[in-house]
Amino acid sequence: MNTTPAKGPDFLVIGAAKSGTTSLSYYLRQHPQIFFAREKESHHFLFPDGAPDFRGPRDAEEFVPLIISDRDRYLSCFAGARPAQICGEASVYYMSEPQSLRNAIEYNPDMKFIAVLREPAERSFSAWSHMMRDGREPVDDFLSAFGLEAERRAAHWSPGFFYEAMSRYGEQLAACYDAVPREQIMVVLYEDLVTRQDETMAEIFAFLGLQPVEIASERVMNASGNPRFRALNHLLTQRNPVKAALKRIIPYETGTAIAQRVASWNLRRRDISDDDRRVLTQRFSSDVAQLAQLLGRDLSGWGERHQNRPRPAR
């Protein structure tokens, strides 16, 4: 009888949603010394006592079933790891709740955390566009939906609908630095992951104590936009029996690559308008200043319209 305890995670990708976390997860799992959990958004350390009663559109069908609160079930996500591998997983709302980082450190004092941050107006718009893509966002005007956060919180909608709060990285990161040792948190900018991919991935591997390896890149991962065919989008992005059956018979890497190519073809990209960008740039200006001070980086380029900027999603 095998009594070897299941190995848990050594690092977590903690957010932010729609900032490149799906792409980063795809890159990380290509390293031979990394075992990356197939289950994304388990949010085990955020909801250790059970999944909340989220009541937003399709929360009960699409988000709540992803949450893994049971410790044994969570550890089983890493059962395939080899002894020499380090383990990781990605749950994009960890960063917004510092208690989840405290819970993770209590489980593993050496836990490392990786945050990917995207210009907040772009991230907010992409999150709204993502919910529109999946037929979950009932308000088809971005700024109108953006302004409904308080009443959505009161109605117990899930964090994916909090377009403003999830983009306030300065507040979130300051709280995370108070919660766990700062040297155990690595912050990556979305723009660096896109334009300096090889160098940025080498820095991430070094943070994890690993030698860099060459990775295969998919330009668009988990894109947002208007679906050409909603039935195809539903098949690819939402929980359904056909998708579950295909996952059991197609290797994960192969299935992911095929699904992302088809999903990208099926979407017409949305872009935030210049007027909406100006409104949100002003709204987020003080938080961006706080983040720049925390990181010691010049973020003055955020908020500007960059023509032809390459964009993987999430």
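Residues numbered from 1 in each chain as written. Predicted model: local features only at pLDDT ≥ 70, side-chain atom pairs only at ≥ 80, totals over all residues. Heavy atoms only, no water.

## Description of the pairing of strand 1 (residues 11-15)
Step number 1: Counting buried positions over the five residues of strand 1 gives five, a clear majority of the element.
Step number 2: Note that strand 1 and strand 3 (residues 86-90) share three bridges and pair parallel. Within the sheet, the bridge partner assigned to Phe11 lies in strand 3 and is Gly88. (Buried < 20%, exposed > 50% of the residue type's maximum accessible area, 1.4 Å probe, protein only. Helix = DSSP H or I, 4+ residues; strand = E, 2+ residues; numbered from the N terminus. Pairing = 2+ DSSP bridges.)

## With respect to the packing of helix 4 (residues 98-107) against helix 8 (residues 169-179)
Step number 1: For the pair helix 4 and helix 8, the least separation of the axes is 9 Å and the interaxial angle reads 30°. The angle between the axes of helix 4 and helix 8 places the two elements in the roughly parallel class. Where helix 4 crosses over helix 8, the handedness of that crossing is right-handed. Contact residues: helix 4 offers Pro98, Leu101 and Arg102, while helix 8 offers Ala175, Cys176 and Ala179.
Step number 2: Residues that form the contact of helix 4 with helix 8 fall into these classes: five nonpolar, no polar and one charged. (Axes fitted to C-alpha atoms, helices over the stretch in contact; angles between N-to-C directions. Parallel < 35°, antiparallel > 145°, perpendicular 65-115°, else oblique. Left-handed = near helix turned anticlockwise from the far one by under 90°. Contact = heavy atoms within 4.5 Å. Nonpolar A, V, L, I, M, F, W, Y, C, P; charged D, E, K, R; others polar.)

## A word on the side chain of Asp59
Step number 1: Mapped onto the elements, Asp59 comes out in helix 2 (residues 59-63).
Step number 2: What makes Asp59 buried here is its relative accessible area of 0%.
Step number 3: In contact with Asp59, other than residues within four places in its own chain, are Phe54, Val64, Pro65, Arg136, His156, Trp157, Ser158 and Phe161.

## Re helix 4
Step number 1: Those residues of helix 4 lying buried are Pro98, Ser100, Leu101, Asn103, Ala104 and Ile105.
Step number 2: For helix 4, the elements touching its buried residues are strand 1, strand 4 (112-117), helix 8 and strand 5 (185-189).

## Remarks on the pairing of strand 3
Step number 1: The element strand 3 is largely enclosed, with a buried count of five among its five residues.
Step number 2: Neither face of strand 3 is left uncovered, since the one carrying Ile86, Gly88 and Ala90 and the one carrying Cys87 and Glu89 both have all their residues buried.
Step number 3: In the sheet, strand 2 (residues 34-36) pairs with strand 3 via three bridges, with the strands oriented parallel. Its bridge partner lying in strand 3, Phe35 is registered against Cys87.

## Considering helix 14 (residues 274-295)
Step number 1: Taking 1.5 Å per residue, 22 residues should reach 32 Å; helix 14 reaches only 27 Å between its end C-alpha atoms and comes up short.
Step number 2: The largest bend in helix 14 comes to about 55°, at Ser285.
Step number 3: Along helix 14, the residues that are buried comprise Asp276, Arg277, Leu280, Phe284, Asp287, Val288, Leu291, Ala292 and Leu294.
Step number 4: Looking at the buried side of helix 14, the elements it contacts are strand 4, helix 5 (120-133), helix 6 (142-146) and helix 8.
Step number 5: Count one or two residues on from helix 14 and you reach Gly296, which has phi positive near 65°. (Expected span 1.5 Å × (residues − 1). Bend = angle between axes of the 7 residues up to and from the residue.)

## Considering empty space enclosed by the protein
Step number 1: Applying the stated rule across the entire model yields one cavity of 30 Å³ or more.
Step number 2: Within this model, the largest cavity holds a volume of roughly 40 Å³.
Step number 3: Looking at the largest cavity, the residues that line it are Ala16, Ala17, Val92, Tyr93, Met95, Met166 and Gln172.
Step number 4: Split by residue class, the lining of the largest cavity holds six nonpolar, one polar and no charged. (1 Å grid on protein atoms, 1.4 Å probe; cavity = no way out; pocket = protein on both sides within 12 Å on 5 of 7 lines; lining within 4 Å. Points joined across faces, edges and corners; volume = space filled by probe spheres on them.)

## Section: the packing of aromatic side chains
Step number 1: Applying the stated criterion across every chain, the model contains 16 aromatic pairs.
Step number 2: Residues Phe47 and Phe54 carry aromatic rings whose centres are separated by 5.9 Å and whose planes lie at 75° to one another, so their mutual orientation is edge-to-face.
Step number 3: Judged by centre distance (5.7 Å) and plane angle (80°), the rings of Phe63 and Tyr93 are edge-to-face. In this pair, Phe63 sits in helix 2 while Tyr93 sits in the loop between strand 3 and helix 4, placing the two residues 30 residues apart along the sequence.
Step number 4: The buried category is assigned to Tyr93, whose relative accessible area is 9%.
Step number 5: Three or more aromatic residues joined by ring pairs form one cluster here, namely Phe45, Tyr74, Phe78, Tyr94 and Tyr107.
Step number 6: A cation over a ring is seen here: Arg153 above Phe162, with NZ or CZ 4.2 Å from the ring centre. (Phe/Tyr/Trp six-rings, centres within 6.5 Å; stacked < 30°, edge-to-face > 60°. Lys NZ or Arg CZ within 6 Å of the ring centre and 35° of its normal.)

## Describing the pattern of salt bridges
Opposite charge on two side chains permits pairing when their charged atoms draw close.
Step number 1: What the rule picks out here adds up to 17 salt bridges.
Step number 2: Residue Asp192 is joined to Arg196 by a salt bridge in which the shortest nitrogen-to-oxygen separation is 3.9 Å.
Step number 3: Note on Asp192: relative accessible area 14%, which makes it buried.
Step number 4: We note a salt bridge from Arg278 to Asp275, for which the minimum N-O separation is 2.3 Å. Taken together, the residues span about one helical turn, with Arg278 and Asp275 both in helix 14 at a distance of three residues. Each of the two residues, Arg278 as well as Asp275, counts as exposed.
Step number 5: Overlapping salt bridges, with partners in common, bring together Arg118, Glu119, Glu122 and Arg277 in one network. (Salt bridge = Lys/Arg side-chain N within 4 Å of Asp/Glu carboxyl O.)

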